[in-house]
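Breakdown of the fold
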Amino acid sequence: MQKLLIAILLTITHVISASAAELRAVQIYSDNVLLDLIKENKHLSQVVIDDCQLVQDIEARAVKAKMPGYQFLWGDMLAYGVCIKKDVPLGLHYMQAAADQGLPEALEQMGRYYHVGKFVQIDINQAITFLKESSALNNIKAQLRLANIYLAGHGSPLDFPQLYTQLHQSVTGNKKTHKVIAQHLARLTEKMPERVVNAAKNGQY
């Protein structure tokens, strides 16, 4: 009788352990969750936290379904060797694919890479192209970097009013970012006639 009870207890323990293992299975991220992770720059760390369980699902959504958020994530994983073998050229290919589909964070990242020379050679004109597109999609990081580039003497002064409008209309709850935006607006004001600044404030660019 005692042996039977022990056998039953062992069986129950095994079933409970198996159920717990199933509960630990990681679900694939929804589009909104993934985009939030990307915006907070937590997408790679989340993949690691999830014990690299979603690699095949991520690859399928990037390669076969061509979902921009997953193309961006897969590209980053390849470029930095997160959970998979590092392959920078292929990683950049998928980052570019996400940018081609208009993902603001991908456009900003490609612009940043060309600005600082990360993985690619420095190309200010290429950086401006990517950052302008991302800025138009309300990516504040892109807007601030583009402002830095303009204030450093690059780009066309004809593009200053449009960026001024974007920064003037930007919304952020981060006090530090809010202060930096104000500083950039003040410096851009010095480079434009007053009438142009007033028009830009009214969104006429």
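Here is a short report on the structure shown in this document. Everything numeric in this text was worked out from a predicted model, so none of it was measured.

The rules behind each value
- Residues numbered from 1 in each chain as written.
- Predicted model: local features only at pLDDT ≥ 70, side-chain atom pairs only at ≥ 80, totals over all residues.
- Heavy atoms only, no water.
- Helix = DSSP H or I, 4+ residues; strand = E, 2+ residues; numbered from the N terminus.
- Buried < 20%, exposed > 50% of the residue type's maximum accessible area, 1.4 Å probe, protein only.
- Contact = heavy atoms within 4.5 Å.
- Phe/Tyr/Trp six-rings, centres within 6.5 Å; stacked < 30°, edge-to-face > 60°.
- Lys NZ or Arg CZ within 6 Å of the ring centre and 35° of its normal.
- Core = buried A, V, L, I, M, F, W, Y, C linked by side-chain atoms within 4.5 Å.
- Salt bridge = Lys/Arg side-chain N within 4 Å of Asp/Glu carboxyl O.
- Axes fitted to C-alpha atoms, helices over the stretch in contact; angles between N-to-C directions.
- Parallel < 35°, antiparallel > 145°, perpendicular 65-115°, else oblique.
- Left-handed = near helix turned anticlockwise from the far one by under 90°.
- Disulfide = S-S within 2.5 Å.

**Overview of the overall build of the protein chain**
A count of helices and strands for the protein chain gives twelve helices and zero strands. Its helices and strands taken in sequence order, the protein chain reads α-α-α-α-α-α-α-α-α-α-α-α from the N to the C terminus. For the protein chain, the residues scored as buried account for 37% of the 205 residues in total. Considering only residue pairs separated by 6 or more positions, the protein chain has 54% of its internal contacts joining residues 24 or more positions apart.

**Overview of the packing of aromatic side chains**
Evaluated as defined, the whole model comprises four aromatic pairs. Ring centres 5.4 Å apart and planes at 90° place the aromatic pair Y113 and F119 in the edge-to-face group. Given a relative accessible area of 3%, Y113 falls into the buried group. Taken together, the ring pairs connect Y80, Y113 and F119 into an aromatic cluster. The ring of Y70 is capped by R61, whose NZ or CZ atom sits 6.0 Å from the centre of that ring. Across the ring face of F119, the terminal group of K118 is positioned such that the distance to the ring centre comes to 5.0 Å.

**Re the nonpolar core**
One finds I58, L73, W74, M77, L167 and L188 to be the most contacted residues of the largest nonpolar core, which totals 53 residues. Here the element with the most residues in this core is helix α9 (residues 140–151); it accounts for eight residues.

**Some remarks on the pattern of salt bridges**
Using the criterion set out here, one finds three salt bridges in the structure. Residue E40 is joined to K42 by a salt bridge in which the shortest nitrogen-to-oxygen separation is 3.4 Å. A salt bridge links D159 to K132; its shortest N-O distance comes to 3.3 Å. With D159 in the loop between α9 and α10 (160–168) and K132 in helix α8 (residues 124–136), the pair connects residues that are 27 residues apart, well separated along the chain. Look at K132 and you get partly exposed, because its relative accessible area is 31%.

**Re the packing of α10 against helix α12 (residues 194–201)**
At a minimum axis distance of 8 Å, the contact between α10 and α12 shows a crossing angle of 45°. Between α10 and α12, the crossing angle belongs to the class labelled oblique. With respect to the hand of their crossing, α10 and α12 are arranged in right-handed fashion. In contact with P161, Y164, T165 and H168 of α10, α12 contributes V196, V197, A200 and K201.

**What to know about the state of the cysteines**
Inspection of every chain in the model, using the stated rule, returns one disulfide. Residue C52 pairs covalently with C83 via a disulfide, S to S 1.9 Å. Taking the sign of the S-S torsion, about -65° here, the bridge from C52 to C83 comes out left-handed. Taken together, the residues span a long stretch of sequence, with C52 in the loop between α3 (43–49) and α4 (55–63) and C83 in the loop between α5 (68–80) and α6 (88–100) at a distance of 31 residues. By relative accessible area, C83 is classed as partly exposed at 30%.

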